[in-house]
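# Structural description and commentary
For reference, the chains in residue letters:
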Amino acid sequence: MLGSIRINVGGFRRRLLSTRLSRFPETRLARLLSCRSRESILELCDDYDESESEFYFDRNPTLFPYVLHFYNTGRLHVMEELCIFSFSQEIEYWGIDELFLDSCCRSSFHCRRMDPDQDRDDGSSTGSSTSSFDEIMEFYSDAGKFDKQLLGSVRRRIWLMLDNPGYSLPSRLISIFSILVLLGSIASMCMNSMSEFTREDPRFQTVENLGIAWFTFELLARLSVAPDLLRFFAHPLNLIDLVSILPFYLTLVIDLVAESSPALANLGRVAQVLRLTRIFRILKLARHSTGLRSLGATLRNSYREIGLLLLYLSVGVSFFSVMAYTLEKEENEGLSTIPAGWWWATVSMTTVGYGDVIPGSVVGKLTASACILAGILVVVLPITLIFNKFSLFYKRQKQLEIIMRSCEFDRGMKEPPSVNLRNYYAHKVKTLMASLSNMSRSSPSDPSLSGSLR
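Residues numbered from 1 in each chain as written. Predicted model: local features only at pLDDT ≥ 70, side-chain atom pairs only at ≥ 80, totals over all residues. Heavy atoms only, no water.

### Things to note about the packing of helix α16 (residues 303-328) against helix α17 (residues 338-349)
- Viewed as axis vectors pointing N to C, α16 and α17 meet at an angle of 125°, and their least axial separation amounts to 8 Å. Here α16 lies oblique to α17, going by the angle between them. Judged by the twist between their axes, the crossing of α16 over α17 is right-handed. Each of Leu313, Gly316, Val317, Phe320, Ser321, Val322, Ala324 and Tyr325 in α16 lies in contact with α17, whose residues at this interface are Ile338, Gly341, Trp342, Trp344, Ala345, Thr346 and Met349.
- The class makeup of the residues in the contact of α16 with α17 is eleven nonpolar, four polar and no charged. (Axes fitted to C-alpha atoms, helices over the stretch in contact; angles between N-to-C directions. Helix = DSSP H or I, 4+ residues; strand = E, 2+ residues; numbered from the N terminus. Parallel < 35°, antiparallel > 145°, perpendicular 65-115°, else oblique. Left-handed = near helix turned anticlockwise from the far one by under 90°. Contact = heavy atoms within 4.5 Å. Nonpolar A, V, L, I, M, F, W, Y, C, P; charged D, E, K, R; others polar.)

Below, the structure written as structure tokens:
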């Protein structure tokens, strides 16, 4: 067996060790080691130079480094900018099985191959990458504003500690303490509604006051070190912090006004409603949970899928409610009207099944079975798209957290962060070309549009 072989892939020359190639005997390069004649060699490569003992392959040289990486590590990796079909054909040519794909690239590889138009039609990946770039640049821009302020380095350290729960050990301790105070406040509110405890138990009021004091201090501390006060309250998490403490102070004002003026005693009911809004305090957990933030971003960017889900449900509910009303109106009081059938169809299609209204006839039960099966299909189809978006945003959020937690500003912001501008503008151009392509496909007969695209 040869100690090494010399290959030339479209002008890309390398010498490869036979011991490294022989670890994968089914691949094309490893099979060259067992060739004994020129004819058998030319069955595996495009040309062979006997004087140089060089095997020539007329293949794309830009993809061959991925093949070399496979022989060195035993694992395949796929970059997002590669055409997935060209990559599949390339590894098939070299005799490399897809089973060697590493776990970090396997799911993305199969998803892109099954849905090649997902980037062009949906734009989620492009939007996510662009949004990630913008968020990173915004973060560094905010951090750089402290260099021109009084005690800038101290304020920046406090800002990073309060706004990034995993930035340092003190920020983790503050985050844990905030979560405990939040859970204690919600638990006291729930226990206060139980009959075993009196409504005006001073212990619950003490827990509530301590919680509000901490939440108020936390909000004011963030406000005092915020790099931009106008953008501070535009951030959703800061708005949640503000809304979580407003009911408490509004209730105090209403109680004082009601006590001073008996004619305004009805304001006490408003105070009771405001006390119930304290449950929205649970949304403060989004600051400490990557999953909750990803869920919010998913819902914000999945309005099409959610609208599609509601459309499917409304069509199914309308159809099956009329069917149930027609079959059961004379024997079942719960289905005596079509609006009553809406409730039954909604509960059945969403597979909740309260059991308060059930069909009695055989035909009605068959209709109910069809309603349930249709509901399962209707719910599952859009949910898959929403789940894929959630996975995308969750991965992006984790990457952003890693970048933000690994930043170092102790020496100031003397240089802008290292960002791949080429990829950023490539995504921008990709989005533009995809939209133009969709426009041309949607209205090919429009001469004005066709002329503009040329």
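### Focus: the pattern of salt bridges
- What the rule picks out here adds up to 15 salt bridges.
- In this structure, Glu52 engages Arg6 in a salt bridge whose closest nitrogen and oxygen atoms are separated by 3.4 Å. With a gap of 46 residues between them, Glu52 in the loop between β3 (47-49) and β4 (54-57) and Arg6 in strand β1 (residues 4-9) connect regions that are remote in the sequence.
- Judged by relative accessible area, which is 43%, Glu52 ranks as partly exposed.
- The exposure class assigned to Arg6 is partly exposed, which follows from its relative accessible area of 25%.
- Among the charged side chains, a network of salt bridges with common partners joins Asp163, Glu218, Arg222, Asp241, Lys284 and Arg287. (Salt bridge = Lys/Arg side-chain N within 4 Å of Asp/Glu carboxyl O. Buried < 20%, exposed > 50% of the residue type's maximum accessible area, 1.4 Å probe, protein only.)

### What to know about a nonpolar patch on the surface
- Residues Leu183, Ile279, Phe280, Ile282 and Leu283 make up a contiguous nonpolar surface patch of about 430 Å² in total accessible area.
- Its place among the elements puts Phe280 in the loop between α14 (267-276) and α15 (290-300). (Patch = residues over 30% accessible without salt bridge, like charges linked within 9 Å, V, L, I, M, F, W, Y side chains within 5 Å. Areas by Shrake-Rupley, 256 points an atom, 1.4 Å probe, with all protein chains shown as cover.)

### Considering the sheet that holds β3
- Spatial strand order, β2-β1-β4-β3: four strands in an open sheet with mixed pairing. Two strands bound the open sheet, and with one partner strand each, they are β2 (12-17) and β3. For this sheet, the mean angle separating the axes of adjacent strands, direction not counted, is 25°.
- Of the pairings in the sheet, the one linking β3 to β4 comprises three bridges and is antiparallel in character. The partner of Tyr48 across the bridge, within β4, is Phe55.
- Lying on the sheet, helix α4 (residues 64-73) is in contact with β1 and β2; it crosses β2 at an angle near 10°. (Pairing = 2+ DSSP bridges.)

### What about the confidence of the model for the chain?
- For the chain, the average pLDDT comes to 77, and 80% of its residues sit at 70 or higher.
- No element of the chain has a lower mean pLDDT than helix α20 (residues 447-453), at 37, and none a higher one than β4, at 90.
- Predicted confidence is poor over residues 411-429, with pLDDT under 50, and the contacts of this stretch with residues over four places away or in other chains come to 19 contacts. (pLDDT = per-residue confidence, 0-100.)

### What about the packing of aromatic side chains?
- Taken as a whole and judged by the stated rule, the model has 18 aromatic pairs.
- With 4.5 Å between their ring centres and 40° between their planes, Phe24 and Phe70 make a pair best called tilted. Residue Phe24 is found in the loop between α1 (18-21) and α2 (28-32), and its partner Phe70 is found in helix α4; the two are separated by 46 residues along the sequence.
- On the accessibility criterion, Phe24 (12% relative accessible area) is buried.
- Between Phe24 and Phe100, the ring centres sit 5.7 Å apart and the planes meet at 90°, which makes this aromatic pair edge-to-face. Here the residue Phe24 occupies a position in the loop between α1 and α2, and Phe100 occupies one in the loop between α5 (84-93) and α6 (103-114), the gap between them amounting to 76 residues.
- Judged by its relative accessible area of 29%, Phe100 is partly exposed.
- Aromatic rings pair up to connect Phe12, Phe57, Phe64, Tyr93 and Trp94 into one cluster.
- The lysine or arginine in question, Arg59, covers the ring of Tyr93, its NZ or CZ lying 3.9 Å from the ring centre. (Phe/Tyr/Trp six-rings, centres within 6.5 Å; stacked < 30°, edge-to-face > 60°. Lys NZ or Arg CZ within 6 Å of the ring centre and 35° of its normal.)

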